[in-house]
Amino acid sequence: MCTSRVSSILARPTPGGIGDNERMTDAVRQRYARFARDETPGRSIRYTEWAQGVAADAEMCAVLARLDEQHRQPPLVFAVARMLGAPVAGYDRWRSFVLEHADAVVAECAQRSVQTNEPLRLSALLPALGAVDGPIALLEIGAAAGLCLYPDRYSYRLVGPDGELRRALDPRGGPSPVVLTSRVCGPLPPLRMPEVVWRAGIDLAPLDARDPDDAAWLSALVWPGETERAARISAALRIAADDPPLLRAGEAADLLHDTAALAPADATLVVTTPGVLVYLPRPRRLALIDGIRALDARWVTIDAPGLHDGWRPPLDPDDGEGFAVALDGRVIARADPLGRWWEWHPDETPRRS
């Protein structure tokens, strides 16, 4: 589909001239090709199709080149399009919708960010959270709707590589409607449910679990085909809506100390950064880590090994599979970024090559 409206959109110049336009369009093509090749297999057939379609579609690449790199990420563009009404159908139908509503899609993407509020990450963080003496005051950076602020309200089912149940943990009141199932390799560490008495989060654009529009946005961020994840997010939203956390809007480094000061004095402050540091430019990322370490607090994170130098001892970016799970910078586990599997490494002594 190529209407006069679309033609006028594609004709709009971007700063820097034709050469820059071509470079940005090629950057879009490469990013979507990489997304289809490396990130969607095994997760979403539909997103694979859409990303492959964009990568081979000069008109679509030109529309998305109007966005900066951060706001044209495939999961963000796809979620925004779905939220605005794009059908979860074949590429041609999706393409027609996006080109017809290009201005709205571009404007909405420019105001949004990927908010992967995945409670399953808490399964990978459980060994770290359980190692902290409670009660705990939990402060999450990049909290979105705060769904990762309820580790004590969810049930955990840890299975082996063969799928057999190895350990089950439930909240004190009994099984939760949110069940976090992860595959665990190797030995199981001592595990216990954390005792959380205070919950707070910081986010550039926090979401309210009680707001239907915010809930719809989180649902749109679930990839097509991830039915279990969609059900998990929906159930976790209900838990957060029944007992909303304190959520503050702004830059984490600016709000960190003032927010931490609100925590109960008789609780252990635990600051978590589950998968959020990758979205910060490196100077802000390192400044935030320094700010966390300046607090009288414990720090729990899950990150790619090469993302920062906050590991103690230093970590070789190419040493080990998966993301690193750390308590106060000390790696205690390796995990899938979303918590689908994890492996405890109590005696890991990372080294730099």
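As a reminder, the structure under discussion sits directly above these lines.
These numbers were taken from a predicted model, which means no experiment stands behind them. (Residues numbered from 1 in each chain as written. Predicted model: local features only at pLDDT ≥ 70, side-chain atom pairs only at ≥ 80, totals over all residues. Heavy atoms only, no water.)

Draft legend 1. How the structure looks around the overall build of the protein. For the protein, the helix and strand inventory stands at twelve helices and eleven strands. Taken against the 2.2 N^0.38 rule, which gives 20 Å for 353 residues, the C-alpha radius of gyration of the protein at 21 Å falls within 12% of a compact globule. The contacts of the protein with a sequence gap of at least 6 include a subset with a gap of at least 24, amounting to 71%. Of note, the protein has its 40 positive side-chain charges centred 1 Å away from the centre of its 48 negative side-chain charges. (Helix = DSSP H or I, 4+ residues; strand = E, 2+ residues; numbered from the N terminus. Rg over C-alpha atoms; globule rule 2.2 N^0.38 Å. Contact = heavy atoms within 4.5 Å. Lys, Arg positive; Asp, Glu negative; His and termini not counted. Charge placed at Lys NZ, Arg CZ, Asp CG, Glu CD.)

Draft legend 2. Region of the structure containing the pairing of strand E3 (residues 165-169). Examined bridge by bridge, strand E2 (residues 155-159) and E3 share four bridges and lie antiparallel to one another. Looking across to E3, one finds that Val-159 is bridged to Leu-165. Count of turn residues in the E2/E3 antiparallel hairpin: five residues, of which Gly-163 carries a positive phi of about 90°. (Pairing = 2+ DSSP bridges.)

Draft legend 3. Broad picture of the environment of Pro-87. Here Pro-87 lies in the loop between helix H5 (74-83) and helix H6 (91-100). In this structure, the C-alpha to C-alpha distance between Pro-87 and Phe-97, residues ten residues apart in sequence, is 7.9 Å. In contact with Pro-87, other than residues within four places in its own chain, are Trp-50, Arg-93, Trp-94 and Phe-97.

Draft legend 4. Region of interest: the nonpolar core. By size, the foremost hydrophobic cluster in this structure holds 81 residues, and its most contacted members are Tyr-32, Val-54, Phe-78, Trp-94, Leu-147 and Tyr-154. Those residues within four positions of Phe-78 in sequence are excluded, and the remaining contacts are Tyr-32, Phe-35, Tyr-47, Trp-50, Ala-51 and Trp-94. Of all hydrophobic cores here, the second largest spans 23 residues; its members include Ile-202, Leu-256, Ala-267 and Leu-269. (Core = buried A, V, L, I, M, F, W, Y, C linked by side-chain atoms within 4.5 Å. Buried < 20%, exposed > 50% of the residue type's maximum accessible area, 1.4 Å probe, protein only.)

Draft legend 5. Examining the side chain of Arg-43 more closely. Within the fold, Arg-43 resides in the loop between helix H2 (18-39) and helix H3 (45-55). The exposure class assigned to Arg-43 is buried, which follows from its relative accessible area of 19%. Beyond its immediate sequence surroundings of up to four residues, Arg-43 is in contact with Trp-223, Pro-224, Glu-226, Arg-229, Leu-338 and Arg-340.

Draft legend 6. Layout of the sheet that holds strand E4 (residues 179-185). Pairing in this open sheet of eleven strands is mixed, and the strands run E3-E2-E4-E11-E10-E9-E8-E7-E1-E5-E6 from one edge to the other. The open sheet has two edge strands with one neighbour each: E3 and strand E6 (246-249). Averaged over neighbouring strand pairs, the angle between their axes works out to 25° when direction is ignored. In this structure, E4 lies alongside strand E11 (residues 341-344), joined through three bridges in parallel fashion. Residue pairing in the sheet places Cys-185 in a bridge with Glu-343 of E11. Along the sheet face, helix H8 (residues 121-130) touches strand E1 (136-141), E2, E3, E4, strand E7 (268-274), strand E8 (298-303), strand E9 (323-327), strand E10 (330-335) and E11 and points at about 145° away from the line of E8. (Axes fitted to C-alpha atoms, helices over the stretch in contact; angles between N-to-C directions.)

Draft legend 7. Region of interest: the pattern of salt bridges. A complete count under the given rule lists 22 salt bridges for this structure. A salt bridge links Arg-284 to Glu-251; the nearest nitrogen and oxygen atoms lie 2.8 Å apart. Residue Arg-284 is located in helix H12 (residues 282-293), and its partner Glu-251 is located in the loop between E6 and helix H11 (252-260); the two are separated by 33 residues in the primary sequence. Classification of Arg-284 as partly exposed rests on a relative accessible area of 34%. Assessed through its relative accessible area of 31%, Glu-251 is described here as partly exposed. Among the ionic pairs, Asp-309 bridges to Arg-282, the shortest N-O distance being 3.1 Å. Residue Asp-309 is located in the loop between E8 and E9, and its partner Arg-282 is located in helix H12; the two are separated by 27 residues in the primary sequence. One network of salt bridges, with partners in common, ties together Arg-43, Glu-118, Glu-226, Arg-229 and Arg-232. (Salt bridge = Lys/Arg side-chain N within 4 Å of Asp/Glu carboxyl O.)

Draft legend 8. Up close: the side chain of Glu-118. In this fold, Glu-118 is placed in the loop between helix H7 (102-111) and H8. A distance of 2.9 Å separates a polar atom in the side chain of Glu-118 from a polar atom in the side chain of Arg-232. Apart from residues lying up to four places away in sequence, Glu-118 is in contact with Cys-148, Arg-229, Arg-232, Ile-233 and Leu-338. (Polar contact = N/O pair within 3.5 Å; in protein donor to acceptor, adjacent residues only side chain to side chain.)

Draft legend 9. Main features of the pairing of E2. Burial analysis of E2 places four of its five residues in the buried class, the great majority of the element. With five bridges connecting them, E2 and E4 associate as parallel partners. From the neighbouring strand, Arg-157 faces E4, where its bridge partner is Thr-181.

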